[in-house]
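Results of the structural survey
The residues making up each chain are set out below.
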Amino acid sequence: MRQLSEPMRVAVLASGRGSNLEALVAARDRGEANIELVLVGSNKADAQALQRAAGHGIPSLHLDPHDFPDRASHDAALLDAAAAHGAEIVVLAGYMRVLSATALQGWQGRIINIHPSLLPRHRGLHTHQRVLDAGEREHGASVHFVTAELDGGPLIAQVRMDVRADDDAASLAARLLPLEHRLLSAVVAIIADRALVWAAQGPVFHGRLLDRPLLLGKDGLGLHSAPSGQAGGS
Ligand code: GRF
């Protein structure tokens, strides 16, 4: 059994750039997240995240989906590799595939994902443009537990940001990204500290069932309970 002071062993799955992975490395190095990064896995051979992992001395693994008979067996192979490296939790950080229900068995409450929208609004791709198209004045990012439903698992925390009159999709993405990094690092930190745990009923934070996502503070530091009426991007 892991002692509380021991770092939580974390695997990251990523398909691309890997800036969220970099943020986790930085949070670890600053002592803000008590984690050990045990593996970075990807479905893409050229994912920059794999190069970043190598640069930080983190084991990395590319598994080509074409080498597997179906999606579930590819997912299972990546998650089995995470388990073989001792991962207690898996962070999806720009992992552009939906994990299948069969592969997720045994991982309930141990996989989280970061998504660039105020879920449940705007699941899937092109979230920044969709926020603009809908004329919304607020945007943000969400971290949630992963289920087999695309961007659909129980919410843990969100960060909110105003949409400006002159914003386009690129400016929204650029302004949101550093907030995503802080949000993901903060969530991983509270999981590593066991302040946030998965229970049969859903996510529990400091002993209380989360009935709405936590919010990242305006200073970008710390997660706190949202006032009622601010739940889930409604
Ligand atoms: C982030 O915007 C994340 O929210 C989304 O994919 C992007 C990944 O960026 N799921 P990076 O690969 O971590 O730089």
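Everything below is about the structure printed above this text.
Because the structure is a prediction, the values reported are computed rather than measured.

Examining the site of the ligand
All residues adjacent to the ligand are Arg17, Gly18, Ser19, Asn20, Gly94, Ile114, His115, Pro116 and Glu180. Arg17 is positioned such that a nitrogen or oxygen atom in its side chain is 2.5 Å from an oxygen atom of the ligand. Side-chain polar atom of Glu180 to an oxygen atom of the ligand: 2.4 Å apart, as the coordinates give it. Burial of the ligand by the protein amounts to 86% of the accessible area it has alone, namely 370 Å². When contributions to the shell around the ligand are tallied by element, the ones reaching two or more residues are helix 1 (19-29) and strand 5 (111-115). Split by residue class, the shell around the ligand holds two nonpolar, five polar and two charged.

A word on the sheet that holds strand 10 (residues 208-209)
Pairing is antiparallel in the open sheet, where three strands are placed in the order 8-9-10. The open sheet has two edge strands with one neighbour each: strand 8 (196-199) and strand 10. With two bridges connecting them, strand 9 (residues 202-205) and strand 10 associate as antiparallel partners. Across the sheet, the residue bridging to Phe205 is Arg208, located in strand 10.

Calculation notes
By convention here, each chain's residues receive numbers from 1 onward along its written sequence. Note on the predicted model: pLDDT of at least 70 is required for a residue's local features to be given, and 80 or more for side-chain atom pairs to be given and counted; whole-chain, interface and lining totals, by contrast, use all residues. Each side-chain value is derived from all of the structure's non-hydrogen atoms; neither hydrogens nor water enter the calculation. Nearness of a residue to a molecule or strand requires only that one of the residue's heavy atoms be within 4 Å of it. The term polar contact refers here to a pair of N or O atoms within 3.5 Å; inside protein, the definition further demands a hydrogen-donor-capable atom paired with an acceptor-capable atom, and it admits residues adjacent in sequence only when both atoms are side-chain atoms. A 1.4 Å probe and the Shrake-Rupley method give the accessible areas. Residues count as covered only by the protein chains that appear here. Helix and strand assignments come from DSSP, with helices taken as H or I runs of at least 4 residues and strands as E runs of at least 2, each series counted from the N terminus. Ten residue types, Ala, Val, Leu, Ile, Met, Phe, Trp, Tyr, Cys and Pro, are classed as nonpolar, four, Asp, Glu, Lys and Arg, as charged, and the remainder, Gly among them, as polar. Strand pairing follows a simple DSSP-based rule, namely that at least 2 bridges must link the two strands.

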